[in-house]
Amino acid sequence: MEWKKGRGKLGPFDPLLGKWRAKADSTMGKVVCTREFRKILEGSHVVLEAHWNTGGKIYLEQAVIGVNSEKEICFWSFTSDGKQSQGRLADVTDVHPKAIGFEAKMPAGLARMVYWPDESEGFRWVVESKTKKGWNRFVEHHYLPVS
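Keep in mind that this is a model prediction, so the values were computed, not measured.

## Some details on empty space enclosed by the protein
Now for step 1: This model, assessed by the stated rule, comprises one cavity of 30 Å³ or more.
Now for step 2: Within this model, the largest cavity holds a volume of roughly 50 Å³.
Now for step 3: Lining of the largest cavity is provided by F13, L16, F37, L48, A63, I65, F75, M113 and Y115.
Now for step 4: For the lining of the largest cavity, the elements supplying multiple residues, two or more each, are β4 (58-67) and β8 (109-117).
Now for step 5: Within the lining of the largest cavity, the residues separate by chemical class into nine nonpolar, no polar and no charged.

Structural data, given as structure tokens:
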């Protein structure tokens, strides 16, 4: 996979376009997560549809990535458990030089999600929370393309 940015404000998300799957261990047991990114609204936005399966419990997310009225790249996320969040593009290059990600103010504090190319295939994705000592990683997945 070539991690190459596309044109325009949302060009950095071009490497994520397509359908991806990760299998991981979690506190709830084995989890399979599928993420599909695609352009919508004549390319002015990217939509993410995520499907989590923990071997009995299904969790769904839809998120839209776009430019807000202040010309900032943002996301707006809605989940099947009734929660919603929004955040702004952030500098996450401390994780990887080609990483892209967002920060969001959550009820428990500042959180971020980060995407970056895997060294061999696909991409990595993490969710971290901000602590006094730095970023605490509590979810990490390795996504591979779904054929």
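Once you've had a look at it, read on.
## Section: the side chain of H96
Now for step 1: Mapped onto the secondary structure, H96 falls in the loop between β6 (84-90) and β7 (100-106).
Now for step 2: Among the residues examined, H96 registers a relative accessible area of 14% and is labelled buried.
Now for step 3: Looking at H96, its side chain comes within polar contact range of the main-chain nitrogen of K98, at 3.0 Å.
Now for step 4: Among all residues touching H96, those that are not within four sequence positions of it are W116, P117 and E119.

Conventions and cut-offs
- Position numbers for residues start from 1 in each chain and track the written sequence from start to end.
- Only residues with pLDDT of at least 70 are given local features in this predicted model, and only at 80 or more are side-chain atom pairs given and counted; all residues enter the totals for whole chains, interfaces and linings.
- Each side-chain value is worked out from all heavy atoms of the structure, with water and hydrogens disregarded.
- For each structure, a 1 Å grid was placed over the protein atoms alone; sets of points admitting a 1.4 Å probe that cannot get out are labelled cavities, open sets with protein on both sides within 12 Å along at least five of seven lines are labelled pockets, and lining residues have an atom within 4 Å of a point.
- Grid points are joined across faces, edges and corners, and a volume is the space filled by probe spheres set on the points.
- Here a helix means four or more residues in a row that DSSP labels H or I, a strand means two or more in a row labelled E, and each is numbered from the N terminus.
- Under the grouping applied here, Gly and all other residues not named as nonpolar or charged are polar, the nonpolar ones being Ala, Val, Leu, Ile, Met, Phe, Trp, Tyr, Cys and Pro and the charged ones Asp, Glu, Lys and Arg.
- The buried label goes to any residue with under 20% of its type's maximum accessible area, the exposed label to any with over 50%, and the partly exposed label to all in between, with areas taken from a 1.4 Å probe on protein chains only.
- Polar contacts, as counted here, are pairs of nitrogen or oxygen atoms within 3.5 Å of one another; within protein the pair requires one atom able to donate a hydrogen and one able to accept it, and residues that are adjacent in sequence qualify only if both atoms are side-chain atoms.
- Contact between two residues is taken to exist if any of their heavy atoms lie within 4.5 Å; hydrogens are not considered.

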